[in-house]
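Fold and contact review
What follows is the residue order along each chain.
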Amino acid sequence: MAAAAVVAGLGSCSCDFSDLREIKKQLLSVAERSRERGLQHSGKWASELAFALDPLPLSELPPAPALTEEDARDLDAYTLAKSYFDLKEYDRAAYFLRGCKSQKAYFLYMYSRYLSGEKKKDDETVDSLGPLEKGQVKNEALRELRVELGKKHKAQELDGFGLYLYGVVLRKLDLVKEATDAFVEAAHVLPLHWGAWLELCNLITDKEMLKSLSLPDTWMKEFFLAHIYTELQLIEEALQKYQSLIDAGFSKSTYIISQIAVAYHNIRDIDKALSIFNELRKQDPYRIENMDTFSNLLYVRSMKPELSYLAHNLCEIDKYRVETCCVIGNYYSLRSQHEKAALYFQRALKLNPRYLGAWTLMGHEYMEMKNTSAAIQAYRHAIEVNKRDYRAWYGLGQTYEILKMPFYCLYYYRRAHQLRPNDSRMLVALGECYEKLNQLVEAKKCYWRAYAVGDVEKMALVKLAKLHEQLNESEQAAQCYIKYIQDIYSCGEIVEHLEVSTAFRYLAQYYFKCKLWDEASACAQKCCAFNDTREEGKALLRQILQLRNQGETSSTEISAPFFLPASLSSNNTPTRRVSPLNLSSVTP
């Protein structure tokens, strides 16, 4: 069997990292085989990983793969067709490869036909339609390719690369189950081909599906698991995997460094992610991959000079790359030039209509321009590309919230929450939605859960307290306000006056009703520090003084939920803070 010969040629691929020299040989070998078949990205990935390992002496370099009789017969046609393929003359390459029998030439023949169909599809849409309609044009070659590759598959005549291409064709035809099976089979037959693992990542929707797959037990599986954990937002597991790969000997790998930065970005550890990206830029200054993610971090931090420098730098390297367009789009968005930003995200989508980040960011820009119908369309396209994109689900929720359609809104926020169960922003949004639908018990659960998982915007407790206020649950409301104040002061954050003053005003009134004059007086004094509650605070202090003069004593029977910490009685009133994160800073 030819497939067996390919695996044998690449050497055994065990799960052991002890022999890094053998791994380097395998990587160099599969990089060469990928390039021979025009699989440039898989070849680049293997080459980058091989570069991170120590160089091999001449005697240990992998030999050129042995040619079979079929390879020798097809050599002239293959060499000619490959030169045309490299010049993107796909139809011409396929024409000269007709009738070739060798695995390598047959793959290039089928792959040329597939890419020819993709190129024609893109050419058809690039001028006549805007990027929002792109998904409606199909690759006409897919059905023929599926039939021909299906026959070969039944006859067990496809090697690992052939199975990969069969999987790609099935995925493009939305045959997800068959495509998944094909990629799993490709990973078993040729475990060193990263392209098959990566395509499989795009089809896995959750951890249960991942567990149900029968995957080969090889060292490549560790890279795959780290990648899919990052995609599924299982960041702790992903970081552990990447750390173990670094410990195994891949510490110089720019791929791993960039993936760790993306993982920190996903859990919104912005400082850590920024520092890793800056380090990556020093190691690989002309790198464009992942720079759009770096620009999202600079955007969230409002780092205009750094974002401007990055945009100019990437323009000098390659202005017609998708990532460059997204970086420039983010730069214009930060400057509130939303029309220009949307234009650059559209340019990115003309270059690659399946580029997830651009769809989501374009949805954000349309939201900023109050164009809700275009925003909905953009977010829907993002979900078509990747159903795991929580930002697109969240964006749809926010769009329908603006349109005052709470049931739609609830559905989309729920989907976002399923993808990010520990993200407080999703939970607060869900709580607000339940509140509008008058499902107050569910709303309370959401706000409390948002506080429990670590409320990034410090809003959950305020919203929960106001909900308790509405329901006349004064003790619970007071507890929430006190927790909120303790949180704000303990983290030393500079806060918006409105929320803190609201909390102090409520507590002053609550303690006043409970006849706890000392506590009421302390809170009323705090109210005097804020413009919007100053007069109420002064009025309450006068009332307390009057009651004390009349001989009213503090109540000992009614106990407060718990008292303000001693540190709050000192005059450490906070000043302004930047406003909480909104949709435009939700990053991909």
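Going by an unreviewed UniProt entry, the chain carries the name Cyclosome subunit 8 and comes from Pelusios castaneus. Within the UniProt record for the chain, the comment given under Pathway (unreviewed entry) is "Protein modification; protein ubiquitination." Its UniProt record, at the heading Sequence similarities (unreviewed entry), says of the chain: "Belongs to the APC8/CDC23 family."

**A look at the confidence of the model for the chain**
When pLDDT is averaged across the chain, the result is 84; 87% of the residues are at 70 or more. Here residues 1-9 is modelled with pLDDT under 50, and outside its nearest four sequence neighbours on either side it reaches 11 contacts, counting other chains as well. Scored below 50 in pLDDT, residues 557-588 shows 89 contacts in the model against residues more than four places distant or in partner chains.

**Re the pattern of salt bridges**
Enumeration according to the criterion identifies 29 salt bridges in this entry. Residues Glu-237 and Lys-207 are paired through a salt bridge, measuring 3.5 Å at the closest nitrogen-oxygen approach. Of this pair, Glu-237 sits in helix H13 (residues 235-250) while Lys-207 sits in helix H11 (residues 207-212), placing them 30 residues apart in sequence. Given the relative accessible area of 28%, Lys-207 is considered partly exposed. Among the ionic pairs, Arg-301 bridges to Asp-271, the shortest N-O distance being 2.4 Å. Pair noted here: Arg-301 is in the loop between helix H16 (291-300) and helix H17 (304-318) and Asp-271 is in helix H15 (residues 270-283), with a separation of 30 residues, a long-range link. Put simply, Glu-36, Arg-37 and Lys-104 are held in one network by salt bridges that share partners.

**Topic: unusual backbone geometry**
If you check the backbone angles, Ser-336 has positive phi at about 60 degrees while not being a glycine. Among the structural elements, Ser-336 can be located in the loop between helix H18 (322-334) and helix H19 (338-351). The phi dihedral of Lys-404 falls on the positive side, at around 60 degrees, and the residue is not glycine. Tracing the backbone shows Lys-404 in the loop between helix H22 (390-402) and helix H23 (406-419). On the basis of relative accessibility, which here comes to 71%, the residue Lys-404 falls in the exposed class.

**With respect to the UniProt feature "repeat: TPR" (unreviewed entry) in the chain**
The residues that UniProt annotates with the feature "repeat: TPR" (unreviewed entry) are residues 322-355 and 356-389. Annotation note: span residues 356-389, helix share 79%, strand share 0%, distance between end C-alpha atoms 8 Å.

**Some points on helix H2 (residues 20-36)**
A rise of 1.5 Å per residue sets the reference length of H2, with its 17 residues, at 24 Å; its end C-alpha atoms lie 24 Å apart and thus fit the reference within 8%. Where H2 ends, the next residue or the one after it, Gly-38, has phi of about 80 degrees, a positive value.

**What to know about a nonpolar patch on the surface**
On the surface, Leu-80, Tyr-95 and Phe-96 cluster together to form a nonpolar patch covering roughly 270 Å² of accessible area. Looking at the element boundaries, Leu-80 is found in helix H4 (residues 69-86). The exposure class assigned to Leu-80 is partly exposed, which follows from its relative accessible area of 33%.

**What about the side chain of Ser-424?**
When you line up the elements, Ser-424 lands in helix H24 (residues 424-436). Among residues more than four places away in sequence, those in contact with Ser-424 are Ala-450, Val-453, Gly-454, Asp-455 and Val-456.

**Some details on the environment of Gln-377**
Along the chain, Gln-377 falls in helix H21 (residues 372-385). As for Gln-377 and Tyr-366, which are separated by 11 residues in sequence, their C-alpha atoms are 9.9 Å apart.

**Let's talk about the nonpolar core**
Counting 190 residues, the largest nonpolar core has Leu-27, Trp-45, Tyr-114, Trp-219, Phe-223, Phe-224 and Ile-228 as the members making the most contacts within it. Look past the residues within four positions of Trp-45 in its chain and what remains in contact with it is Leu-27, Trp-194, Met-220, Phe-223 and Tyr-255.

**Quick word on the packing of H2 against helix H3 (residues 40-51)**
Orientation of H2 relative to H3, taken along the N-to-C sense of each, is 160 degrees, at an axis distance of 8 Å. Judged by the angle between their axes, H2 and H3 are roughly antiparallel. Where H2 crosses over H3, the handedness of that crossing is left-handed. Where H2 abuts H3, its residues Lys-24, Leu-27, Leu-28, Val-30, Ala-31, Ser-34 and Arg-35 lie against Gln-40, Ser-42, Gly-43, Trp-45, Ala-46, Ser-47, Leu-49 and Ala-50.

**Considerations on the packing of aromatic side chains**
One pass over the full model with this rule turns up 31 aromatic pairs. Between Phe-85 and Tyr-90, the ring centres sit 5.3 Å apart and the planes meet at 65 degrees, which makes this aromatic pair edge-to-face. You'll find Phe-85 and Tyr-90 in the same group, each marked buried. Both rings, one in Phe-512 and one in Trp-517, keep their centres 5.5 Å apart while their planes meet at 55 degrees; by these two values the pair is tilted. When sorted by exposure, Phe-512 lands in the same class as Trp-517, which is buried. Site record: aromatic cluster; members linked through ring pairs are Trp-45, Trp-194, Trp-219, Phe-223, Phe-250 and Tyr-255. In this structure, Lys-104 packs its charged tip against the face of Tyr-78, placed 4.7 Å from the ring centre. Of note, Lys-152 hangs over the ring of Tyr-106, and the distance from its end group to the ring centre comes to 4.5 Å.

The rules behind the values
- Residues numbered from 1 in each chain as written.
- Predicted model: local features only at pLDDT ≥ 70, side-chain atom pairs only at ≥ 80, totals over all residues.
- Heavy atoms only, no water.
- UniProt positions renumbered as here; feature names shortened; annotations may be inferred.
- pLDDT = per-residue confidence, 0-100.
- Contact = heavy atoms within 4.5 Å.
- Salt bridge = Lys/Arg side-chain N within 4 Å of Asp/Glu carboxyl O.
- Helix = DSSP H or I, 4+ residues; strand = E, 2+ residues; numbered from the N terminus.
- Buried < 20%, exposed > 50% of the residue type's maximum accessible area, 1.4 Å probe, protein only.
- Expected span 1.5 Å × (residues − 1).
- Patch = residues over 30% accessible without salt bridge, like charges linked within 9 Å, V, L, I, M, F, W, Y side chains within 5 Å.
- Areas by Shrake-Rupley, 256 points an atom, 1.4 Å probe, with all protein chains shown as cover.
- Core = buried A, V, L, I, M, F, W, Y, C linked by side-chain atoms within 4.5 Å.
- Axes fitted to C-alpha atoms, helices over the stretch in contact; angles between N-to-C directions.
- Parallel < 35°, antiparallel > 145°, perpendicular 65-115°, else oblique.
- Left-handed = near helix turned anticlockwise from the far one by under 90°.
- Phe/Tyr/Trp six-rings, centres within 6.5 Å; stacked < 30°, edge-to-face > 60°.
- Lys NZ or Arg CZ within 6 Å of the ring centre and 35° of its normal.

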